[in-house]
Amino acid sequence: MDEPRRESLEDSASRRMRLNAGEPAAYGSIVAAADPESPPRGDVEAAPLLSPAPRAVLRPLSKEELEEAAGGPRWTRIRSRLVLLFWLTWLAMLGTAVFIVVKSPRPVAPPLRWWQKSLFYRLQTALFMDSQPGSLRGIEAVCAQLAYIRSLGVGAVVLEGLFLTGASPDGPVLNDSLVTGPQVDHLLKESSKAGLRVVLDLCELNFTASTEVSEVNDTSVSPERLSTVQHALKSWLEKGVAGFAICDTDPAYSERTLTEWRRVIRGLNKTCADRIMLVRQTGEELNSTRSFNGSLVEVVMRSILPPTHHILSAQEVAESMEACLREGAGAVWPSWTMGGRTSSEFQKLLLVLMMTLPGSPALQPGDELSSTRNVTFPEDQDVPSSNTDRERRLALALYTSLSLSKAREEALVSGSFTMLSLNSSSSSTLAPPILGFLRSWGCVQILVVLNVGPDPQSLDPHWAGGLPSAGVFMVGTGLDRMGTVALSALSLRPQEAVVIKLIEARSFSE
């Protein structure tokens, strides 16, 4: 080995010995435990890298430091005031909304009595009674139908033909050739079990009361001094009868008679609440009592069609229906019956009209079956063909749809009534008109349109100005109308009626 290289190696070894002997710990060596506080040298290799770093001590900021971090006291005050302003604004908006809701006009349902919410059923008991008085077979035939009547949504039954007609100074006398007192008592109990009220029809009975009004007004008058008629009425009321019906053509129909009967009913208010007086209107106008019937009569039963001996034509049906619409509900709560005689194709139209007019419908046996009006009950009939059976099922389905619609739509019970003038664009002025009216309750509007004529009818596109431009079919006589419809495109088939709930244009899509 040459001399220069040897000297270089010796110098290197000598330097290493000096480092190991007296120098601080190099990279990777352990610092002596006796000198843990000695600061590391600037030399990177001599730094004590394996020693733990000193821990930072956390302490909460002072108020001054917080304000400094938030931008100073000025910004802190501004933020506090902005938060306060936000909550004050929110509370003001909430109070305004509550005030608007409380003060804004909204429909309030008037308190309706039971006869205003009920559907009446005129039942002629003579159709079921046998010829032997005292036998329960006839009355049981009536009782057997009570469940079916109740299933139609009926709330009250008007029993007709129980009493003898003609002069009867002793008051209403049962026709014992058809029914006896125990039979009627049994019928009243069964009707109560079925949830049906009973109104006794006293039409065509020729009797007058003998007690003066002044005596009736005197509460000290004993029951013995009451007239025989009043005593008979009181007896029936105590048995649970819901009221009495009288015709406007009866001799006993007068303000004096109604006042006396009203006193009897009011005298039993504590035990016989909500008893009614019902008047059957037999003519085109209520006979001579428009000045006082509002305070003495709760219900006026009217016929849509006038009583005639001939089959009414389409024009006569249209005129009668239009007259009912023009008169509206009237001063006294109406109860509508179909009445009259007409061909079967108009029965469904009349049913729709009767169930959607203001007032309480009054069915007769077979009305719920529309075109088979002369039947008594569906289970009692002979079905000549499958087509007839199908028509009866469809007619019953139409009635059920109308009954459910009337039960769930406040507009059809308490809503206002507005007759509409509908001009057809395709029919002549001599043809039966298209009839229509609107029932409104709050934001809900229900449109009823009836085509009485024998031809299809398209409505004038401008007839519905101010109304929503679209609606949803609720029910129709054909039971095939579903979904939405634009009023401008509404077209009716011959003898068709539709019931439409109107909706806003923005929620309608064709």
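The structure this text deals with has already been given above.
Residues numbered from 1 in each chain as written. Predicted model: local features only at pLDDT ≥ 70, side-chain atom pairs only at ≥ 80, totals over all residues. Heavy atoms only, no water.

Along the backbone of the protein chain there are 14 helices and 18 strands. For the protein chain, the proportion of its 510 residues judged to be buried stands at 42%. Contacts in the protein chain between residues at least 24 apart in sequence constitute 70% of all its contacts with a sequence separation of at least 6. Entry remark: accessible area of the protein chain is about 28,100 Å², with carbon and sulfur atoms responsible for 55%. (Helix = DSSP H or I, 4+ residues; strand = E, 2+ residues; numbered from the N terminus. Buried < 20%, exposed > 50% of the residue type's maximum accessible area, 1.4 Å probe, protein only. Contact = heavy atoms within 4.5 Å. Areas by Shrake-Rupley, 256 points an atom, 1.4 Å probe, with all protein chains shown as cover.)

Right, let's talk about the environment of C203 for a bit. Relative to the helices and strands, C203 resides in the loop between β4 (197-201) and β5 (205-206). Residue classification places C203 among the buried positions, given a relative accessible area of 7%. Separated by 43 residues in sequence, C203 and E160 place their C-alpha atoms 8.3 Å apart. Once residues lying within four places of it in the same chain are set aside, the contact partners of C203 are A245, I246, C247, D250 and R280.

This part is about the pattern of salt bridges. Enumeration according to the criterion identifies 16 salt bridges in this entry. Residue D185 pairs with K239 through a salt bridge whose shortest N-O separation is 3.4 Å. Of this pair, D185 sits in helix α7 (residues 181-193) while K239 sits in the loop between α9 (228-238) and β6 (243-247); the two residues are 54 residues apart in sequence, bridging distant segments of the chain. Its salt-bridge partner being E391, residue K348 comes within 4.0 Å of it at the nearest N-O pair. Placement of K348 in helix α13 (residues 347-356) and of E391 in helix α14 (residues 386-408) is noted, with a sequence separation of 43 residues between them. Note on E391: relative accessible area 32%, which makes it partly exposed. Residues joined in a network through salt bridges with shared partners are R122, E160, D201 and R280. (Salt bridge = Lys/Arg side-chain N within 4 Å of Asp/Glu carboxyl O.)

For the rest of this paragraph, the subject is the nonpolar core. L200, W236, F244, I304, M321, L351 and L450 are the most contacted members of the largest nonpolar core, which totals 80 residues. Looking at which element gives the most residues to this core, the answer is α13, with 7 residues. When residues no more than four places from it in sequence are discounted, the contact partners of W236 are F163, L174, V184, D185, L188, L200, V241 and F244. One finds I434, L467, L490 and I500 within the second-largest nonpolar core, a separate group that totals 17 residues. (Core = buried A, V, L, I, M, F, W, Y, C linked by side-chain atoms within 4.5 Å.)

Taken together, V83, F86, W87, W90, L91, L94, V98 and V102 make up a surface patch of nonpolar side chains, about 820 Å² in accessible area. Note on placement: W90 falls in helix α3 (residues 73-103). With a relative accessible area of 43%, W90 lands in the partly exposed category. (Patch = residues over 30% accessible without salt bridge, like charges linked within 9 Å, V, L, I, M, F, W, Y side chains within 5 Å.)

Okay, the pairing of β4 next. Extensive coverage of β4 is indicated by the burial of 4 of its 5 residues. Bridge count for strand β2 (residues 156-160) against β4 is 4 bridges, and the pairing is parallel. Within β4, the position partnered with A156 by the bridge is R197. Both β4 and β6 contribute to a ladder of 3 bridges, which runs parallel. By the bridge assignment for β6, V199 is matched with G243. (Pairing = 2+ DSSP bridges.)

Attention shifts here to α9. V229, Q230, A232, L233, W236 and L237 are the residues of α9 that are buried. All buried residues of α9 lie within an arc of 160 degrees about the axis, which places them on one face of the element. At the exit of α9 stands G240, carrying a positive phi of roughly 110 degrees. (Arc of directions from axis to C-beta.)

This part covers the sheet that holds strand β7 (residues 276-280). The sheet built from 8 strands closes into a barrel, its strands ordered β1-β2-β4-β6-β7-β8-β9-β10 with parallel pairing. The mean inter-strand angle of the sheet, taken between neighbouring strand axes irrespective of direction, is 25 degrees. As paired elements, strand β9 (residues 333-337) and strand β10 (residues 360-363) share 2 bridges and run parallel to each other. Residue pairing in the sheet places S335 in a bridge with S360 of β10. Here helix α10 (residues 255-267) sits on the sheet in contact with β6 and β7, set at roughly 150 degrees to β7. (Axes fitted to C-alpha atoms, helices over the stretch in contact; angles between N-to-C directions.)

Right, let's get into the packing of aromatic side chains. The final tally for this structure, using the stated rule, is 6 aromatic pairs. The interplanar angle of 45 degrees and the centroid separation of 6.2 Å between the aromatic rings of W114 and F120 together place this pair among those described as tilted. The class of F120 is buried, set by a relative accessible area of 0%. An aromatic cluster is defined as three or more aromatic residues linked by ring pairs; in this entry it consists of F86, W87 and W90. (Phe/Tyr/Trp six-rings, centres within 6.5 Å; stacked < 30°, edge-to-face > 60°.)

Read across the open sheet, the 6 strands follow the order β11-β12-β13-β18-β15-β16; overall the sheet is antiparallel. The open sheet has two edge strands with one neighbour each: β11 (416-421) and β16 (484-486). Going across the sheet, the axis of each strand differs from the next one's by a mean of 30 degrees, ignoring polarity. As defined by bridge partners, β11 adjoins strand β12 (residues 434-441) across 6 bridges and the pair is classed as antiparallel. Looking across to β12, one finds that L420 is bridged to G436. Where helix α12 (residues 314-327) meets the sheet, it contacts β11, β12 and β13 (444-451), and its direction lies at approximately 25 degrees from that of β12.

Next up on the list: the side chain of S118. Along the chain, S118 falls in the loop between α4 (114-117) and β1 (120-124). Of the polar contacts made by the side chain of S118, one reaches the backbone oxygen of W114; its length is 2.6 Å. Leaving out residues up to four positions away in the same chain, S118 has contacts with G155, S360 and P361. (Polar contact = N/O pair within 3.5 Å; in protein donor to acceptor, adjacent residues only side chain to side chain.)

Here the focus is the packing of α9 against α10. Helix packing for two helices is described by the angle between their axes and how far apart those axes are. Packing of α9 against α10 leaves a shortest axis separation of 10 Å and a crossing angle of 40 degrees. Along this stretch, α9 crosses α10, giving a crossing that reads as right-handed. For the pair α9 and α10, contact is made by V229, Q230, L233, K234 and L237 and by E260, W261, V264 and I265, respectively. In terms of residue class, the contact of α9 with α10 is built from 6 nonpolar, 1 polar and 2 charged. (Left-handed = near helix turned anticlockwise from the far one by under 90°. Nonpolar A, V, L, I, M, F, W, Y, C, P; charged D, E, K, R; others polar.)

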